[in-house]
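Observations on the three-dimensional arrangement
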Amino acid sequence: MELTKILIIEDEEAIADLLAYGLQKEGFQTKLAHNGKDGLREIEVFKPDLLLLDWMLPDQSGLDICKQIMGKYMLPIIMITARSDISDKVIGMELGADDYITKPFDMREVIVRIRTLLRRINPITAVNEEAAPAIIKFKTIEINVPERMVKKDNELIELTPKEFDLLMTLTSSRGRVFTRSNLLDLVWGYNYFGDTRTVDIHIQRLRKKLDANDIITTVFRVGYKFEKNVE
């Protein structure tokens, strides 16, 4: 599974490193550039899915870069700026920026804004319970979707609402690898500020209750998947 690629064009190395570290922890692939010239080159080479762009760079402004990108690339842009004046933001949006983050920022806000923008540009299809089969079976487990009920060997398994939603999300795309961030978005919502350990804890509980260690498997350093060929 290819990770979402984010290019960070930021001349303050401490801020750039902070962003890269925080995004990598969330499962994104990152690349850094500290000036406009290098940043434009990395757009060609790295081919990012999203751009974090500082307003003020040593060789040119973020607005100049927006002008050069606009019409050439379908690239979502989040501007990083110390400016808070609404007129500056309007100018940036007119030149192609999709969102703004004002310095100083909280890393959690950055993550939420990135996820929100990516969902808007290329939304992840969530589980549609109405379209799903009424009964899903695998091994000795049976999921009654409308009644939100799970049985194993014909005995009722008590799942919490989040555990059930997590199970439905995984079974909706068997074989697909979901990153922890994907699962946070789909099950807890994009505005949830907890960390990815929440996903790990719920996965552990789900495996234990269903005895499903060989069904819900871990993809090292990425996330989890429901095995495709489970009958």
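Just so we're clear, the structure is a prediction, and the values are computed from it rather than from any experiment. (Residues numbered from 1 in each chain as written. Predicted model: local features only at pLDDT ≥ 70, side-chain atom pairs only at ≥ 80, totals over all residues. Heavy atoms only, no water.)

1. Looking at the overall build of the chain
The number of helices and strands found in the chain is eight helices and twelve strands. When the 231 residues of the chain are sorted by exposure, 47% land in the buried category. Of the roughly 12,500 Å² of accessible surface on the chain, a fraction of 49% belongs to carbon and sulfur atoms. (Helix = DSSP H or I, 4+ residues; strand = E, 2+ residues; numbered from the N terminus. Buried < 20%, exposed > 50% of the residue type's maximum accessible area, 1.4 Å probe, protein only. Areas by Shrake-Rupley, 256 points an atom, 1.4 Å probe, with all protein chains shown as cover.)

2. Considerations on the sheet that holds strand 8 (residues 149–152)
Pairing is antiparallel in the open sheet, where four strands are placed in the order 6-7-8-9. A single partner strand is all that each edge strand has here, and the edge strands are strand 6 (135–138) and strand 9 (155–157). Sheet twist, expressed as the mean angle between neighbouring strand axes with direction ignored, is 25 degrees. Taken strand by strand, helix 6 (residues 161–172) contacts strand 6, strand 7 (141–144) and strand 8, and its axis lies near 105 degrees from that of strand 7. Set on the sheet, helix 8 (residues 197–210) makes contact with strand 7, strand 8 and strand 9; between it and strand 8 the angle comes to about 50 degrees. (Pairing = 2+ DSSP bridges. Axes fitted to C-alpha atoms, helices over the stretch in contact; angles between N-to-C directions. Contact = heavy atoms within 4.5 Å.)

3. A few points about the environment of Lys47
By the element assignment, Lys47 lies in the loop between helix 2 (36–46) and strand 3 (50–54). You can call Lys47 exposed: its relative accessible area is 54%. Excluding residues within four positions of it along the chain, Lys47 makes contact with Lys5 and Glu42. A polar contact is formed between the side chain of Lys47 and the backbone oxygen of Glu44, at a distance of 3.1 Å. (Polar contact = N/O pair within 3.5 Å; in protein donor to acceptor, adjacent residues only side chain to side chain.)

4. Some points on the packing of aromatic side chains
Across all of its chains, the model carries two aromatic pairs by this definition. Centroid distance Trp55 to Tyr100: 6.2 Å. Interplanar angle 45 degrees. Geometry classified as tilted. Taken together, the positions of Trp55 in the loop between strand 3 and helix 3 (62–69) and Tyr100 in strand 5 (residues 99–102) put the pair 45 residues apart, joining distant regions of the chain. Among the residues examined, Trp55 registers a relative accessible area of 5% and is labelled buried. Each ring, one from Phe138 and one from Phe226, has its centre 4.9 Å from the other, and the planes form 85 degrees; the classification is edge-to-face. Placement of Phe138 in strand 6 and of Phe226 in strand 12 (residues 223–226) is noted, with a sequence separation of 88 residues between them. (Phe/Tyr/Trp six-rings, centres within 6.5 Å; stacked < 30°, edge-to-face > 60°.)

5. A word on the pairing of strand 3
Judged by how many residues are buried, strand 3 sits mostly within the fold: five of five residues are covered. Burial along strand 3 is two-sided: the residues Leu50, Leu52 and Asp54 and Leu51 and Leu53 are all buried. With four bridges connecting them, strand 1 (residues 5–9) and strand 3 associate as parallel partners. Looking across to strand 3, one finds that Leu7 is bridged to Leu51. Relative to strand 4 (residues 77–81), strand 3 runs parallel, the two sharing four bridges. For Leu51, the partnering residue across the bridge sits in strand 4 and is Ile77.

6. Observations concerning the packing of helix 2 against helix 3
Where helix 2 meets helix 3, the axes come as close as 11 Å, and the angle between the chain directions of the two elements is 30 degrees. Between helix 2 and helix 3, the angle is such that the two are roughly parallel. Of the two elements, helix 2 crosses helix 3, and the hand of that crossing is right-handed. Each of Gly36, Leu40 and Ile43 in helix 2 lies in contact with helix 3, whose residues at this interface are Ile65, Gln68 and Ile69. Broken down by class, the residue content of the contact of helix 2 with helix 3 amounts to four nonpolar, two polar and no charged. (Parallel < 35°, antiparallel > 145°, perpendicular 65-115°, else oblique. Left-handed = near helix turned anticlockwise from the far one by under 90°. Nonpolar A, V, L, I, M, F, W, Y, C, P; charged D, E, K, R; others polar.)

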